[in-house]
Amino acid sequence: MASVLNVEESKAPERTVVVAGLPVDLFSDQLLVVLVKRHFQDVKNEGGDVEDVIYPTRTKGVAYVIFKEKKVAENVIRQKKHWLARKARHAELTVSHFSDKIFSSVNAILDLSVFGKEVTLETLVKDLKKKIPSLSFSPLKPNGRISVEGSFLAVKRLRESLLVRACSLLEKDRNSTSEGRKWNRQNPQRNLQRSNNSLASVRTLVPETARSGEMLVLDTDVFLYLKHKCGSYESTLKKFHILSQEKVDGEITTICLKSIQVGSQPNNAKHVKELIEEWSHALYLTLRKETFILEGKEKREKRMIKRACEQLSSRYLEVLINLYRTHIDIIGSSSDTYLFKKGVMKLIGQKVS
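Given the structure is predicted, the values throughout are model-derived calculations rather than measurements. (Residues numbered from 1 in each chain as written. Predicted model: local features only at pLDDT ≥ 70, side-chain atom pairs only at ≥ 80, totals over all residues. Heavy atoms only, no water.)

A. Helix H11 (residues 334-347), seen in detail. The terminal C-alpha atoms of H11, which comprises 14 residues, lie 20 Å apart, in line with the 20 Å expected from a rise of 1.5 Å per residue. Along H11, the residues classified as buried are Asp-336, Thr-337, Phe-340, Gly-343, Val-344 and Met-345. Buried residues belonging to H11 abut strand E12 (288-293), helix H10 (299-313), strand E13 (320-323) and strand E14 (327-332). Trailing H11 by a residue or two, Gly-349 shows a phi angle of about 80°, which is positive. (Helix = DSSP H or I, 4+ residues; strand = E, 2+ residues; numbered from the N terminus. Expected span 1.5 Å × (residues − 1). Buried < 20%, exposed > 50% of the residue type's maximum accessible area, 1.4 Å probe, protein only. Contact = heavy atoms within 4.5 Å.)

B. How the structure looks around the environment of Ser-147. Within the secondary structure, Ser-147 is located in strand E8 (residues 145-150). The class of Ser-147 is partly exposed, set by a relative accessible area of 32%. Linking Ser-147 and Phe-137, residues 10 residues apart in sequence, is a C-alpha distance of 6.0 Å. Other than its neighbours up to four places away in sequence, Ser-147 contacts Ala-108, Ile-109, Ser-136, Phe-137 and Ser-138.

C. Examining a positive patch on the surface more closely. There is a patch of like positive charges on the surface, built from Lys-299, Arg-300, Arg-303 and Arg-307. Tracing the sequence through the fold places Arg-300 in helix H10. For Arg-300, a relative accessible area of 58% puts it in the exposed group. (Patch = residues over 30% accessible without salt bridge, like charges linked within 9 Å, V, L, I, M, F, W, Y side chains within 5 Å. Areas by Shrake-Rupley, 256 points an atom, 1.4 Å probe, with all protein chains shown as cover. Salt bridge = Lys/Arg side-chain N within 4 Å of Asp/Glu carboxyl O. Lys, Arg positive; Asp, Glu negative; His and termini not counted. Charge placed at Lys NZ, Arg CZ, Asp CG, Glu CD.)

D. Structural detail: the environment of Asn-268. Mapped onto the elements, Asn-268 comes out in helix H9 (residues 268-286). Residues Asn-268 and Leu-257, 11 residues apart in the sequence, show an inter-C-alpha distance of 9.4 Å. The residues contacting Asn-268, other than those within four sequence positions of it, are Phe-240 and Ile-242.

E. The sheet that holds strand E5 (residues 92-97), seen in detail. Read across the open sheet, the five strands follow the order E2-E3-E1-E5-E4; overall the sheet is antiparallel. The sheet is open, and its two borders are formed by strand E2 (50-54) and strand E4 (82-83), each paired with just one other strand. Alignment of strand E1 (residues 16-20) against E5, held across four bridges, turns out to be antiparallel. Opposite Val-18, over in E5, you have Ser-96 as the bridge partner. Its contacts with the sheet put helix H2 (residues 29-41) on E1, E2, strand E3 (62-67), E4 and E5, and the angle it makes with E2 is roughly 145°. (Pairing = 2+ DSSP bridges. Axes fitted to C-alpha atoms, helices over the stretch in contact; angles between N-to-C directions.)

F. Layout of the packing of helix H7 (residues 220-229) against helix H8 (residues 231-239). The interhelical angle for the contact between H7 and H8, taken along N-to-C directions, is 75°, at an axis separation of 4 Å. Judged by the inter-axis angle, H7 sits roughly perpendicular to H8. On H8, the residues that touch Phe-223, Leu-226, Lys-227 and Lys-229 of H7 are Gly-231, Tyr-233 and Glu-234. Classifying every residue of the contact of H7 with H8 by side-chain character gives three nonpolar, one polar and three charged. (Parallel < 35°, antiparallel > 145°, perpendicular 65-115°, else oblique. Nonpolar A, V, L, I, M, F, W, Y, C, P; charged D, E, K, R; others polar.)

G. H9, seen in detail. Compared with the 27 Å implied by 1.5 Å per residue over 19 residues, the 28 Å span of H9 between its first and last C-alpha is a close match. Burial in H9 covers these residues: Asn-268, Ala-269, Val-272, Lys-273, Leu-275, Ile-276, Ser-280, Leu-283 and Tyr-284.

Shape is all these values report; function is a separate question.
Dropping the structure here:
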């Protein structure tokens, strides 16, 4: 499998674009390479001479296209919409700048055992593969765990699909419980206990707020930037009287929105959800991330990196700095993150690559 290392070794990241959304189930890898190359060489698509197409890669449905000129790569990105050839059913492509930290791939581990005996897990996985073909699934383990890999948007669709299924099971169990009480009133305590046991694990998938409000799933880096660097997030929640319940779970953050004002418009939460989705999608396409690894470094070097980041933070107000025990993430626009990293390297006395 090819990876970002192929691009880095080619010393052509500035001439490279990331192309996502390839119709992987329609063609072989070789034919997809031909179609992608043909599309981006067409002047009608603002294309030009293509030096190489790297595919397949570690992320299903994602390719790296290296142009011979930097200007062509910029023109291709500037064109907002790209559709592959008619024989590819006019698949819509997402094209963005290349970065080794681009938010194009997410790894997640699912615990499907929470569905209990309500569904056959093998059948569930088969349905998910069919519904979201761009995701890569590992073999299902006996304990019900399975790992998936793919674009953030694909993982987001997977999460939402599972939540919808969980809600459906909850509603089904409520109805069956209600019906059962009509016909079995001799032992209501046992009836209630059976209902609680069957729903206990499934309820963990659906936050309480989501059952009476709106829920959305975001990339954690995008969410943190939206919350801490975009004033529109908090101001919009306040304006529409929305309570936001946020749960960060690794690379994915779940947000539940609920109106807290009596008599407010019932669609306020839905409207705010749509706004947040629109903002997060725009950030998803523009944000880049650089990481300074702290793990394994001496205490003095760690202090120097942290001090350099703090020193530059006042100069780059649009850059988000997230400090962790093992690393520091720098998130912002491509130019800001590059200049920030360059500044840190200079302050700690290291050569900028």
